[in-house]
There are 2 protein chains.
Amino acid sequence: MKDKREQIIDTAMQLFAQRGFEGTSIRDIAEKASVNVAMVNYYFGTKEKLFEKIVENKSSVTRGLLDEIMNNKDLTHIKKIEAVIDSYIEKLFTHRMFHRLIQQELILNQRENLQSSIVNNFIPNVMIIKSIIESGIKQGDFKKVDIELTIATLTGTINQVLLSKKFCNRLMNKSDDYIPYEDVKFKKRVSAHLKQLMHDHLLNK
Amino acid sequence: MKDKREQIIDTAMQLFAQRGFEGTSIRDIAEKASVNVAMVNYYFGTKEKLFEKIVENKSSVTRGLLDEIMNNKDLTHIKKIEAVIDSYIEKLFTHRMFHRLIQQELILNQRENLQSSIVNNFIPNVMIIKSIIESGIKQGDFKKVDIELTIATLTGTINQVLLSKKFCNRLMNKSDDYIPYEDVKFKKRVSAHLKQLMHDHLLNK
DNA sequence: AACTTAATTAAACGTTTGTTTAATTTAAAC
DNA sequence: GTTTAAATTAAACAAACGTTTAATTAAGTT
């Protein structure tokens, strides 16, 4: 049995991701987490601080993986890009609730500090991918592409299928109750597409 | 001078797009639109109906353009794809407030009917692009790609730079007050990237 | 000019909201 | 077993919310 603090965080993240920050009341959270309403403010002070705590908590987990890929000298440039793709898909699909939450926060222009910290948290990842592509271009493995927009394509494609289940299912001709994100076959399909796309786009032939 | 009904719709769309549906109060809308609070309910009944009216209003405008492209027999397959890209960028950049609004609604899982109608509204566009790519493959102009995910890449890339100004500017190394969506050079850059990407990905060489 | 409908307003209504209080229970320390 | 602090509760609070009401003004019709 998780302790109540954790229970609140987990429940709040789910509800925030589903209904948005303003769309979720503290009473909603408390009820679903089976705790008293006052416990939320007791542990976190305010609703906004709870929100920040969620982002803070999860962000710390998602580091260091891309560094390994970049520094792995056994991999060619294109293999590194492939590893980045798989790492990204795995991470975002697994933590999709949290990912939806911060994407919403990015689109909304409320809470500037939080938005800044989210962006700042993402920039190092961008830089790593950027340096891989730059190196690939320098050494003649890759074509001279628009690096920043190529990164936008990578993340944008994943977001497009990840952020709305309904949209994804209609696009893929699946039924509404199908959950693509838990289907290994679907993950592999997205991975295969992005790898093919990057092969085509990056490699000098 | 616009009439008050229009003024309410325009203001509400802006605020909904910026702050979300629940994050925007009727009083906010009324104040910014310089009308009495009661006018919103007088014209639209409820806040939710106002929201639906906005989506309904705008959706009707955005049709018919892709059909022309598809049926234009002077264009090769790849030229059609290029035309689709430019048409999409133009449309989404111009109506970016509205686009943010419906993207938010897609991510949120509230208001199922509205979500369905948004998805339904988008599917015909998907089908047109799909049929272009299918035809291209059939006639040997295009490679056998993952059609659905290629469409996700097209829309996802645009969304990625369109939905959050702050994210876009940081990715592109621009200052925070720069508004990329009103800069023709930026539009052309996105267009050029997507065309290059689709050339690489689709064309049989 | 009288009448009718539409537009507009300020005020009020009942809920829901985030948060606080004050009292009570549980757990830990001595 | 007594003391002290932490955890938990039900109740209350003020503010903000969407919406309605009832009264007033403006516009259009006969």
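Since this is a predicted model, take the numbers as computed values, not measurements.

**Remarks on the overall build of chain A**
And step 1. Within chain A one finds 11 helices and zero strands.
And step 2. N-terminal to C-terminal, the α/β element order of chain A is α-α-α-α-α-α-α-α-α-α-α.
And step 3. Of all 205 residues assigned to chain A, the portion counted as buried reaches 53%.
And step 4. Sequence-distant contacts in chain A: of pairs separated by 6 or more residues, those separated by 24 or more amount to 65%.
And step 5. Accessible surface, chain A as shown: approximately 9600 Å² in total, 49% of it carbon and sulfur.
And step 6. Averaging the locations of the 32 positively and 26 negatively charged side chains of chain A gives two centres separated by 3 Å.

**Overview of the environment of Lys144(A)**
And step 1. The topology assignment puts Lys144(A) in the loop between helix H8 (112-138) and helix H9 (147-162).
And step 2. Residues Lys144(A) and Thr46(A), spaced 98 residues apart in sequence, show a C-alpha to C-alpha distance of 49 Å.

**Concerning the interface of chain A and chain B**
And step 1. Facing 50 residues of chain A, the contacting portion of chain B comprises 50 residues.
And step 2. When chain A packs against chain B, the two sides together hide about 4600 Å² of surface, and 62% of this comes from carbon and sulfur.
And step 3. It is Ile107(A), Leu149(A) and Lys166(A) in chain A that bury the most area against chain B; as a group they hold 15% of the surface buried on that side.
And step 4. Across the chain A-chain B interface, the total number found is eight salt bridges.
And step 5. Here Asp200(B) ties to Lys143(A) by a salt bridge, and the two come within 3.3 Å at their closest N and O atoms.

**Quick word on the relation of the copies chain A and chain B**
And step 1. Rotating chain A by 180° and translating it 0.0 Å along the rotation axis places it on chain B, where the RMSD comes to 0.0 Å. Both copies of the chain, as the preceding transformation shows, are related through a two-fold rotation axis. Identified as the residue of chain A closest to the rotation axis by C-alpha distance is Gly156(A), at 2.1 Å.
And step 2. Residue by residue, 100% of the interface of chain A is reproduced at the interface of chain B, so both copies engage with the same surface.

**Re the pattern of salt bridges**
When the charged atoms of two side chains with opposite charge come close together, those side chains can pair.
And step 1. As enumerated under the stated definition, the model contains 26 salt bridges over all chains in all.
And step 2. Lys130(A) is paired through a salt bridge with Glu148(A); the nearest N and O atoms lie 3.3 Å apart. Placement of Lys130(A) in helix H8 and of Glu148(A) in helix H9 is noted, with a sequence separation of 18 residues between them. Summarising the burial analysis for this pair, Lys130(A) and Glu148(A) share the class buried.
And step 3. A salt bridge links Glu56(B) to Lys53(B); the nearest nitrogen and oxygen atoms lie 3.6 Å apart. With Glu56(B) and Lys53(B) both in helix H4 (residues 47-59) and three residues apart, this pair spans about one turn of that helix.
And step 4. For Glu56(B), a relative accessible area of 49% translates into the label partly exposed.
And step 5. Salt bridges sharing partners connect three or more residues here, namely Lys130(A), Asp146(A), Glu148(A) and Arg189(B).

**Some words on the protein's contact with DNA strand C**
And step 1. Near DNA strand C you find 15 residues, and of these Ile26(A), Arg27(A), Lys47(A), Tyr42(B) and Tyr43(B) are the closest.
And step 2. Between DNA strand C and Thr24(A) there is a distance of 3.4 Å, counted from a phosphate oxygen to a backbone nitrogen or oxygen.
And step 3. In this structure, Tyr42(B) approaches DNA strand C through a side-chain N or O atom, which is 2.8 Å from a phosphate oxygen.
And step 4. Elements represented by at least two residues in the surface near DNA strand C include exactly helix H2 (26-32) and helix H3 (37-44) of chain A together with helix H3 (37-44) of chain B.
And step 5. When residues of the surface near DNA strand C are assigned to their parent elements, the largest contribution, four residues, is made by H3(B).
And step 6. Each residue belonging to the surface near DNA strand C can be placed in one class, and the counts come to six nonpolar, five polar and four charged.

**Some details on the packing of aromatic side chains**
And step 1. Under the defined criterion, the tally for this structure stands at 16 aromatic pairs over all chains.
And step 2. When the centroid spacing of 5.7 Å and the interplanar angle of 80° are considered together, the rings of Phe93(B) and Tyr181(B) count as edge-to-face. Placement of the pair is Phe93(B) in helix H6 (residues 77-94) and Tyr181(B) in the loop between helix H10 (165-171) and helix H11 (184-202), with a sequence separation of 88 residues.
And step 3. Three or more aromatic residues link up through ring pairs in this structure, and these residues are Phe16(A), Phe21(A) and Phe51(A).
And step 4. Stacked on the ring of Tyr88(A), the Lys or Arg Lys91(A) has its end atom at 5.3 Å from the ring centre.
And step 5. Of note, Arg111(A) hangs over the ring of Phe51(A), and the distance from its end group to the ring centre comes to 5.5 Å.

**Focus: the protein's contact with DNA strand D**
And step 1. What surrounds DNA strand D is a group of 15 residues, the closest being Tyr42(A), Tyr43(A), Ile26(B), Arg27(B) and Lys47(B).
And step 2. Sugar and phosphate atoms represent 52% of those atoms of DNA strand D found within 4 Å of the protein.
And step 3. At 3.2 Å, a side-chain N or O of Asn36(A) approaches a phosphate oxygen of DNA strand D.
And step 4. Interatomic distance of 2.8 Å between a backbone N/O atom of Lys47(B) and a phosphate oxygen of DNA strand D.
And step 5. In terms of residue count, H3(A) provides more of the surface near DNA strand D than any other element does, four residues in total.
And step 6. For the surface near DNA strand D, the residue count by class is six nonpolar, five polar and four charged.

Parameters and conventions
Residues numbered from 1 in each chain as written. Chains lettered and ligands numbered in written order. Predicted model: local features only at pLDDT ≥ 70, side-chain atom pairs only at ≥ 80, totals over all residues. Heavy atoms only, no water. Helix = DSSP H or I, 4+ residues; strand = E, 2+ residues; numbered from the N terminus. Buried < 20%, exposed > 50% of the residue type's maximum accessible area, 1.4 Å probe, protein only. Contact = heavy atoms within 4.5 Å. Areas by Shrake-Rupley, 256 points an atom, 1.4 Å probe, with all protein chains shown as cover. Lys, Arg positive; Asp, Glu negative; His and termini not counted. Charge placed at Lys NZ, Arg CZ, Asp CG, Glu CD. Buried area = accessible area lost by both parts, 1.4 Å probe. Salt bridge = Lys/Arg side-chain N within 4 Å of Asp/Glu carboxyl O. Least-squares fit on C-alpha atoms with pLDDT ≥ 70 in both. Near = heavy atom within 4 Å. Polar contact = N/O pair within 3.5 Å; in protein donor to acceptor, adjacent residues only side chain to side chain. Nonpolar A, V, L, I, M, F, W, Y, C, P; charged D, E, K, R; others polar. Phe/Tyr/Trp six-rings, centres within 6.5 Å; stacked < 30°, edge-to-face > 60°. Lys NZ or Arg CZ within 6 Å of the ring centre and 35° of its normal.

Purely geometric stuff here, so don't read any function into it on its own.
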